[in-house]
Amino acid sequence: MKTISEIKRLMISPKLIVTILIAHLPLWFEYSYIQRLWQYDLSQGIGLDINSFIHDTVALAWFVPVAGLFPGIPYAFSYLEERSSGFIHPEIIREGRKKYIKRKIILSCLGGAVVMGMAYLIMVLVGIAICEPTTLNNKPQVSEDWIWYGVITKWSGYYVVLLKGLLFILFGILWAEVTLLLSMTIKNKYAAYIMPFLIYHVSWQVHLLFGKLQLFFPSSMIRWDVHGDYSIVRVYVQYALYIVLVTAAILIKFRGDIKRGRI
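Residues numbered from 1 in each chain as written. Predicted model: local features only at pLDDT ≥ 70, side-chain atom pairs only at ≥ 80, totals over all residues. Heavy atoms only, no water.

(A) Region of the structure containing the packing of aromatic side chains. Counting across every chain of the model gives ten aromatic pairs. Aromatic pair Phe171 and Trp175: ring centres 6.0 Å apart, planes at 5 degrees, arrangement stacked. Of the two residues, Phe171 and Trp175 are both situated in helix H8 (residues 158-185); the distance of four residues between them amounts to about one turn of the helix. One aromatic cluster is present, built from ring pairs that chain together Phe63, Phe70, Tyr120 and Phe168. Its guanidinium or amino end placed over the ring of Tyr159, Lys154 lies 4.2 Å from that ring's centre, counting from NZ or CZ. Above the face of the Phe216 ring, Arg234 is positioned so that its terminal group lies 4.9 Å from the ring centre. (Phe/Tyr/Trp six-rings, centres within 6.5 Å; stacked < 30°, edge-to-face > 60°. Helix = DSSP H or I, 4+ residues; strand = E, 2+ residues; numbered from the N terminus. Lys NZ or Arg CZ within 6 Å of the ring centre and 35° of its normal.)

(B) Structural view of a nonpolar patch on the surface. Taken together, the side chains of Leu25, Trp28, Phe29 and Trp62 define a hydrophobic patch exposed on the protein surface, amounting to about 410 Å² of accessible area. Here Phe29 shows up in helix H2 (residues 14-34). (Patch = residues over 30% accessible without salt bridge, like charges linked within 9 Å, V, L, I, M, F, W, Y side chains within 5 Å. Areas by Shrake-Rupley, 256 points an atom, 1.4 Å probe, with all protein chains shown as cover. Salt bridge = Lys/Arg side-chain N within 4 Å of Asp/Glu carboxyl O.)

(C) View of unusual backbone geometry. Positive phi outside glycine occurs at Trp155, with the angle close to 55 degrees. Positionally, Trp155 belongs in the loop between helix H7 (97-130) and H8. A positive phi angle is found at Trp224, which is not glycine, with a value near 55 degrees. Counting through the fold element by element, Trp224 comes out in the loop between helix H10 (218-221) and helix H11 (232-259).

(D) Summary view of H11. The first and last C-alpha atoms of H11 sit 42 Å apart over 28 residues, in line with the 40 Å expected at 1.5 Å per residue. At the N-terminal end of H11, a side-chain oxygen is found 3.1 Å from the backbone nitrogen of Val233, two or three residues along, and the residue is Ser231. Within two residues after H11, Gly261 carries a phi angle of roughly 75 degrees, on the positive side. (Expected span 1.5 Å × (residues − 1). Polar contact = N/O pair within 3.5 Å; in protein donor to acceptor, adjacent residues only side chain to side chain.)

(E) Fine view of the pattern of salt bridges. Counted by the stated rule, this structure contains eight salt bridges. Across the pair Glu91 and Arg94 runs a salt bridge, and its minimum N-O distance is 2.4 Å. Within this pair, Glu91 and its partner Arg94 are both found in helix H6 (residues 88-95), separated by three residues, close to a single helical turn. A relative accessible area of 57% means that Arg94 is categorised as exposed. The salt bridge involving Asp225 is made with Lys164; its shortest N-O contact spans 3.1 Å. Linking Asp225 in the loop between H10 and H11 with Lys164 in helix H8, this pair joins segments that are 61 residues apart in sequence. (Buried < 20%, exposed > 50% of the residue type's maximum accessible area, 1.4 Å probe, protein only.)

What follows is the structure, encoded as structure tokens:
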């Protein structure tokens, strides 16, 4: 019951809505200002297919370098806030340890998924309004070893649109959990707030130095616009593995803190 009531509260919270708008801002800036949409008669379209629009917007915007900032804001820091205020103790006593940490994980993941998913969805809706479906005649001008090349025209391009949207959602889930884990680990409140973004941004800065290993970095996985003999399924398996590992780390950390009397 506590989890359901908090889900309802999260879905209508101003913090969530504002975070969605801020997360979408770099995408909006790219497709509205940099791509100069005001130069077109939007009722006639802009001469791009939906996948070219999404690929160019995400690739050229400053969204990916700062994506690690957003997933944890709606809820994942609630653990840190409750620990700092001491409110965590009556919550655990009233709810029980297992239900408490389960609720923190579920709502953190939900907050991250909604923020990233909605930021992507707004961009897609704009693309649907002003772009054409992806067909054999107007598909993106990319090399045939591009990971999405073989399915780019499936469902008039919307198959890839959906799969890329799932990447955004999975990234939101993963990085919200990373944020929760860091907020449980770092004692300094202000360091805990900045560290999830800092770790992600540094990984984005250096991932190109790692050759093929860069495909294991979340900053590459959020777009998965790779070239070579790779499976589309691979990135989703990686996300699933990472999410399971981080979830396990959260549970181990929580149980360890309980045993050591840190909570």
